[in-house]
Amino acid sequence: MSKIVFFCIPAHGHTNPTLGVVKELVSRGHEVWYYSYELMREKIEDTGAKFIPCDKYDREQKLTPKEAERLGGDIAFSTEVLVDTTLALDDAVCREMEQLKPDCIVADSMAVWGKAVAMKLGIPFVSSTTTFAFNKHSAKIMKQSPKGLLSMLFAMPKVNKHIKRLQDKGYPINSILDIIQNDDNTHTVVYTSPEFQPCADTFSDKYAFVGPSIRPSTGSIQKEREKLVYISMGTVKNRMLPFYRNCIAAFENTDYQVIMSVGQQVSMGELGELSANIKAFHRVDQIAVLEKADVFISHCGMNSASESLYFGVPLVMLPQTTEQGGVAERVLQLGAGIKPEGTNAASIRAAVNRVFDDPSYRENAAAIGAGFRRCTGAAGGADKILSLCRG
């Protein structure tokens, strides 16, 4: 029996893909400790892992809503938050790992404290990558606008200042690329397929592309019309009232059945009166909806895109961050979705109609989904981790 420790950041999109692997490890009789946040406690404990809260150390938990919106778009601020959390966790985690003596540490690619502790203490390490694996080849898909490149250039002095704070505490990190880039010497579990991963053949055999973790649906959705359009902009940057109103205007009194998930920051009253073919909710069981949906209007986060494609549902994509833009670019390359020309009602309706009118979008989405199902899944992720366990 092995002792395995997981570290993750407080994000559903980074936590959810790991849960199937954790459950698989526990089912095989191994002990798993999972360092995370109270927000994730229930779903982690449901896997059988031992949950350890990190909330008091985490800078992100103390951000104002306005500050939270800067994450993902402001590289200097994101680095500052990451470094603050890493240094706050440093002493406690090192002390606990020395006592626990785990056989392996698994850390999200953004939870740099996990990798750093493993390197300090000589513990076998596996990176958990819930986005695309990132190297100089696959980075080409993460296209930056001239404005974005200029912003990054001006941000680098601040970024380097925060990297220096890590170096002063003995962390083997030379640049921001050591945080965001995967290297060929690190054993890595990637939650996508070789076909969906850009430039998969440029990564070493230390990479295991195990496919997305798709949980079973927990509810059921009634498909009331021939064509079902699902709309969701994720769980973070989803206060997008004007966009939701444009979607309502685009589809009201049409033959489409429309299900909208608008998050907790928008009140139903703000949406106005809905026609009979449109239903709005604060949250839905996304898997249950995608099992029945025909088109998904999405921010194109990695989890949402993977779930959509797993069920062969093509995407109409409105990415909000660089990472989401990279996912959207890959979907475009593989012909499984499109971007609307704008976010007004006419553009949204035209994009959805185009997807319905051209069967190649659904065919290409189905092909990607078939590739996902050929992957080894949670069992393959568990096998990769156990192959690194010492002893």
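As a reminder, the structure under discussion sits directly above these lines.
Criteria and cut-off values
- Residues numbered from 1 in each chain as written.
- Predicted model: local features only at pLDDT ≥ 70, side-chain atom pairs only at ≥ 80, totals over all residues.
- Heavy atoms only, no water.
- Buried < 20%, exposed > 50% of the residue type's maximum accessible area, 1.4 Å probe, protein only.
- Helix = DSSP H or I, 4+ residues; strand = E, 2+ residues; numbered from the N terminus.
- Pairing = 2+ DSSP bridges.
- Right-handed = clockwise from strand over helix to strand, strands pointing away.
- Axes fitted to C-alpha atoms, helices over the stretch in contact; angles between N-to-C directions.
- Contact = heavy atoms within 4.5 Å.

Asks: Sorry, what's going on with the pairing of strand β1 (residues 3-7) here?
Replies: Regular strands have side chains that alternate between both faces of the sheet. Counting buried positions along β1 gives four out of five residues, so the element sits mostly inside the fold. Pairing between β1 and strand β2 (residues 31-36): five bridges, direction parallel. Across the sheet, residue lysine 3 finds its bridge partner in β2, namely glutamate 31. Following the chain from β1 across helix α1 (residues 12-27) to the adjacent parallel β2, one finds a crossover that is right-handed.

Asks: Looking at this structure, how should I read the sheet that holds strand β4 (residues 104-108)?
Replies: The strands that make up a sheet pair up through hydrogen bonds in the backbone, lying either parallel or antiparallel. Reading across from one edge, β3-β2-β1-β4-β5-β6-β7 is the order of the seven strands in this open sheet, with parallel pairing throughout. In this open sheet, the two strands that pair with only one neighbour each are β3 (50-53) and β7 (207-209). On average, each strand axis in the sheet is tilted by 20 degrees relative to the strand beside it, whichever way the strands run. Seen against the sheet, helix α4 (residues 75-100) touches β1, β2 and β4 and runs at an angle of roughly 165 degrees to β1. Set on the sheet, helix α5 (residues 112-121) makes contact with β1, β4 and β5 (125-129); between it and β4 the angle comes to about 155 degrees.

Asks: Even after reading the chapter, I still don't get the sheet that holds strand β11 (residues 295-298), so can you show me in this structure?
Replies: Strand order across the open sheet formed by six strands is β10-β9-β8-β11-β12-β13, with parallel pairing between neighbours. Strands at the two margins of the open sheet, each flanked by one partner only, are β10 (278-281) and β13 (337-338). As judged from the two bridges shared by strand β12 (residues 315-317) and β13, these two strands associate in the parallel manner. Across the sheet, the residue bridging to valine 316 is isoleucine 338, located in β13.

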